[in-house]
Amino acid sequence: AQKGEIPEEMEAREHEVHDNLVEGIVVADDELLERYLEGDVPSLAELEKVMAVGVANATVFPVVCGSATGPIAVDRLANFIVEIGPSPQARSTVTVFAGDEEMEIEGSPSGDPLAFVFKTIADPYVGQISMFRALSGTLKPDMSLHNSRSGKDERLAKIAYLTGKESHLLDSIPAGDIGAVAKLSDTRTGDTLAPKNKPVTVKGIDRPAPVLAAALVPKTQADEDKLATSLRRLIEEDSALKLERNDETRQTLLHGMGELHLAITLEKLSRKFGVEVDTEDVRVPYRETVSRPAQAEGKFKKQSGGRGQFGVAFLKVEPTQRGEGFEFVDEIKGGSIPRQFIPAVEHGIADTMSNGGIFGYPVVDVRVRVYDGKYHAVDSSEMSFKMAGSIGFKAAMQDAGPIMLEPISHIEITVPAEYQGDVMGDLSSRRGQVQGTEAVANGMQRIIANVPTSEIMRYAVDLRSISHGWGTFKVEHDRYAEMPAHLIDKVARTSDAD
């Protein structure tokens, strides 16, 4: 970068920006503001002093332009924080919790040692590095502190500060400073390290819930072997991530705050741990059930030389209330199916339900009664009655009015009032039902709605576009509801898919 005279064509614009900057600073001091309005231009020293007061009181919010990848103005930002930001020493007390009791302690270098771990770095060579802020006392190498969450003592073998990729060992870190320590046994982001005889905690970091998921598919067997361990280390580093194994859809899901967040995480996965993955669409966990009673005979007979297989089970299938799951009722009388084979019938039905019904999705909320059957003294076995249960259930499902169920999500969206109409119109186009709206702080509106989960799989991206980046939302599963018949063909699959 080079310094030079302001180009003539930019001079007027520079004066305008400078005047706006000064006006934004002097509002933090009534006396200085009055002088400025009377035509007295404050000195640079006065502006710096008032800006520091405004920053400390959260009435002035400076913006420093630059680029971390450039790098441009990173040093300027650091110097700005040191020169204008409030000193840690100005914060005389720290709020801590001893059990449920809240109290204030002195945040001075001479007090009891107290540290808060605000970030974790997963280094493939060093291991876990815990970044902490010393809130009280002076932390030194080989000091032992107690982790209030895990209940374990942690030895701070070496204390350092980090500059990019470089680490510099320190003899001590006083209250107000930040540092790093490697290889703590059971400490993660948000933990408090305190003296063992005073196991206090400080309030953790409130993280917004992840709003976008990516389904990960390892490229090779070697990648699959390392995937789970590597992702766990990245989640230790970034607590805004969440990992989920959805057994219903047979997918490994990584949840994050948006497309960029997930893209950066997968780049780290490759660069730090050498794990390569592809992504695929997140599958919706549809289910199916029945709408009316039906009954059928399940008969399995096989004879191919030697001992054969024979089992017959008569079943009645009927719907239950939504959410009640699977109920198996044994109504066999007179030993038409021997007692030892009844569980095999149930297992055959349960396996068939989990593998998928008429539309290829798990079957839920049904009651199945086995009321009669036949057996052979020699050829009957657990396997034959398991197959009989499966065959009978599939046959009964055909006549029981099978319907598909889709998950419904409860969503709360917060946007500026001017975007409320656009958001509600968009929700309507997604088959959503708005439950209500309410005004919240700073001219924002909260919209509460129930929406089919399939319609908001990438809502984080869509809401950002609709609200020009101002919108936020939180979502949770609410219930399952019957899917409109005209949409079933779009998502139905054979039961042996995937």
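In this numbering scheme, every chain counts its residues from 1 along its sequence in written order. Only residues with pLDDT of 70 or above have their local features reported here, since the model is predicted, and side-chain atom pairs are shown and tallied only from 80 upward, although totals for entire chains, interfaces and linings are computed over all residues. Hydrogen atoms and water are omitted, and side-chain values are computed over all heavy atoms in the structure.

Focus on the overall build of the protein chain
For clarity, the cut-off: Each helix is a run of H or I in the DSSP string that is no shorter than four residues. Each strand is a run of E no shorter than two, and both are numbered from the N terminus. We call a residue buried when its accessible area falls under 20% of the maximum for its residue type, exposed when it is over 50%, and partly exposed in between, using a 1.4 Å probe and counting protein chains only. Here, two residues are considered to be in contact whenever any of their heavy atoms come within 4.5 Å of each other.
For the protein chain, the helix and strand inventory stands at eleven helices and 25 strands. If one aligns the C-alpha atoms of the protein chain with their principal axes, the spans along those axes are about 105 × 55 × 45 Å. Across the 498 residues that make up the protein chain, the buried fraction comes to 39%. Long-range pairs, those at least 24 residues apart, make up 71% of the contacts in the protein chain between residues at least 6 apart in sequence.

A few points about the sheet that holds strand β20 (residues 326–330)
The test is simple: Two strands are said to pair when DSSP picks up at least two bridges between them. What counts as an axis is a line fitted to C-alpha atoms, over the stretch in contact for a helix, and the angles between N-to-C directions run from 0 to 180 degrees.
If you trace the four strands from one edge of the open sheet to the other, you get β18-β19-β21-β20, paired in mixed fashion. Edge positions in the sheet fall to β18 (294–302) and β20, since each of these pairs with one other strand and no more. Across the sheet, the mean angle from the axis of one strand to that of its neighbour is 25°, orientation sign disregarded. Bridge analysis of β20 against strand β21 (residues 366–374) gives five bridges, and the strand direction is parallel. Looking at β21, one finds that Val-329 is bridged to Arg-369. Those strands touched by helix α7 (residues 342–355) are β19 (309–319), β20 and β21, and its axis lies near 155° from that of β20.

Quick look at the sheet that holds strand β16 (residues 277–280)
Ordered in space as β14-β15-β13-β16, the four strands form an open sheet in which the pairing is antiparallel. Only two strands of the sheet have a single neighbouring strand rather than two, namely β14 (242–246) and β16. Going across the sheet, the axis of each strand differs from the next one's by a mean of 40°, ignoring polarity. Where strand β13 (residues 212–218) and strand β15 (residues 251–256) come together, five bridges link them in antiparallel fashion. Considered in β15, the bridge of Ala-215 is made with Leu-253. The strands touched by helix α5 (residues 221–237) within the sheet are β13, β14, β15 and β16, with β13 carrying the most contacts at an inclination of about 150°.

Some words on the packing of helix α1 (residues 8–26) against helix α3 (residues 44–56)
Counted only if it meets this: When describing relative orientation, an angle under 35 degrees is termed roughly parallel and one over 145 degrees roughly antiparallel, while 65 to 115 degrees is termed roughly perpendicular and anything else oblique. Should the near helix be turned anticlockwise from the far one by less than a right angle, the crossing is left-handed, and should it be turned clockwise, the crossing is right-handed. Under the scheme applied here, ten amino acids are nonpolar (Ala, Val, Leu, Ile, Met, Phe, Trp, Tyr, Cys and Pro), four are charged (Asp, Glu, Lys and Arg), and all others, including Gly, are polar.
At their nearest, the axes of α1 and α3 sit 8 Å apart, and the two run at 55° to each other. Here α3 runs oblique to α1, going by the angle between their axes. Considering how the two elements wind past one another, α1 and α3 form a crossing that is left-handed. Note on element contacts: α3 touches α1 through Leu-47, Val-50 and Met-51, opposite Val-22, Ile-25 and Val-26. Taken together, the residues that form the contact of α1 with α3 break down as six nonpolar, no polar and no charged.

What to know about the nonpolar core
Here is the rule: As used here, the term nonpolar core means buried Ala, Val, Leu, Ile, Met, Phe, Trp, Tyr and Cys residues forming a set that is joined through side-chain atoms within 4.5 Å.
One finds Leu-269, Ile-411, Ile-413, Val-423, Leu-427, Tyr-459 and Phe-473 to be the most contacted residues of the largest nonpolar core, which totals 31 residues. Setting aside anything within four residues of it in sequence, one finds Ile-413 in contact with Val-423, Leu-427, Gln-445, Arg-446, Ile-447, Tyr-459, Leu-463, Thr-472 and Phe-473. Core analysis: the second largest hydrophobic core is formed by 25 residues, Ala-294, Ala-313, Ala-344 and Ile-349 among them.

Concerning the environment of Gly-335
With respect to the secondary-structure elements, Gly-335 resides in the loop between β20 and α7. Sequence-wise, Gly-335 and Tyr-375 are 40 residues apart; in three dimensions their C-alpha atoms are separated by 9.4 Å.

What about the packing of aromatic side chains?
This is how the line gets drawn: Two rings from Phe, Tyr or Trp (for Trp, the six-membered ring) form a pair when their centres sit within 6.5 Å of each other. Planes less than 30 degrees apart are called stacked, planes more than 60 degrees apart edge-to-face, and all others tilted. To sit over a ring, a charge needs its Lys NZ or Arg CZ within 6 Å of the ring centre and within 35 degrees of the ring normal.
Within this structure, the stated rule accounts for four aromatic pairs. In this structure, Lys-316 packs its charged tip against the face of Tyr-371, placed 4.9 Å from the ring centre.

With respect to a negative patch on the surface
Where we set the bar: Each patch is built from residues that are more than 30% exposed by relative accessible area and take part in no salt bridge. Like charges join if they lie within 9 Å; nonpolar side chains (Val, Leu, Ile, Met, Phe, Trp, Tyr) join within 5 Å. Accessible surface is estimated by sampling points in the Shrake-Rupley manner with a 1.4 Å probe; for residues, cover comes only from the protein chains shown. A side-chain nitrogen of Lys or Arg and a carboxyl oxygen of Asp or Glu constitute a salt bridge if their distance falls within 4 Å. Under the counting rule used here, the positive set is Lys and Arg, the negative set is Asp and Glu, and His together with the chain ends is not counted. Here the site of a charge means NZ on Lys, CZ on Arg, CG on Asp, or CD on Glu.
Negative charge collects at one region of the surface, where Glu-5, Glu-8, Glu-9 and Glu-11 lie side by side. If you trace the backbone, Glu-5 turns up in the segment before α1.

Some points on the pairing of strand β3 (residues 114–123)
Where β3 meets strand β4 (residues 127–136), nine bridges bridge the pair, whose relative direction is antiparallel. Residue pairing for β4: Lys-119 is matched across the bridge by Met-131. The hairpin turn running from β3 into β4, its antiparallel successor, is three residues long. Of the strand pairs in this sheet, β3 and strand β12 (residues 192–194) are connected by two bridges, and their pairing is antiparallel. Pairing of Phe-116 across the sheet is with Thr-192, part of β12.

Some thoughts on unusual backbone geometry
Across the junction of Gly-70 and Pro-71, the peptide omega takes the value -15°, indicating a cis bond. With respect to the helices and strands, the residue Pro-71 is situated in the loop between α3 and α4 (74–84). In the Ramachandran plot, Lys-183 falls in the positive-phi region, its phi being about 60° despite a non-glycine side chain. Inspection of the secondary structure puts Lys-183 in the loop between β11 (178–182) and β12. For Lys-183, a relative accessible area of 63% corresponds to the exposed category. Non-glycine residue Asn-442 carries a positive phi angle of around 60°. By the element assignment, Asn-442 lies in the loop between β23 (433–439) and β24 (444–452).

Side note on a nonpolar patch on the surface
On the surface, Met-383, Met-387 and Ile-391 cluster together into a nonpolar patch covering about 230 Å² of accessible area. Tracing the backbone through its elements, the reader meets Ile-391 in helix α8 (residues 382–399).

Section: helix α9 (residues 420–429)
As a reminder of what qualifies: Working definition: the arc comes from the directions between the helix axis and the C-beta atoms, pointing outward to the latter.
All of the buried residues along α9 are Gln-420, Val-423, Asp-426 and Leu-427. Buried residues of α9, viewed axially, fall in a sector of 130°; they line one side. Exposed positions of α9 whose direction lies more than 90 degrees from the buried face are Gly-421, Ser-428 and Ser-429. In the core, the buried residues of α9 are packed alongside β22 (402–416), β23, β24 and α10 (459–466). The first or second residue beyond α9 is Arg-431, which carries a positive phi of 65°.

Looking at the pattern of salt bridges
A full pass over the atoms with the stated rule returns 31 salt bridges. For Arg-13, the salt bridge is made with Glu-16, and the minimal N-O distance between the two is 3.4 Å. Taken together, the residues span about one helical turn, with Arg-13 and Glu-16 both in helix α1 at a distance of three residues. A network of salt bridges, in which partner residues are shared, links Glu-318, Glu-327, Glu-331, Arg-367 and Arg-369.

So far we have only geometry, and geometry alone does not tell us how the molecule works.
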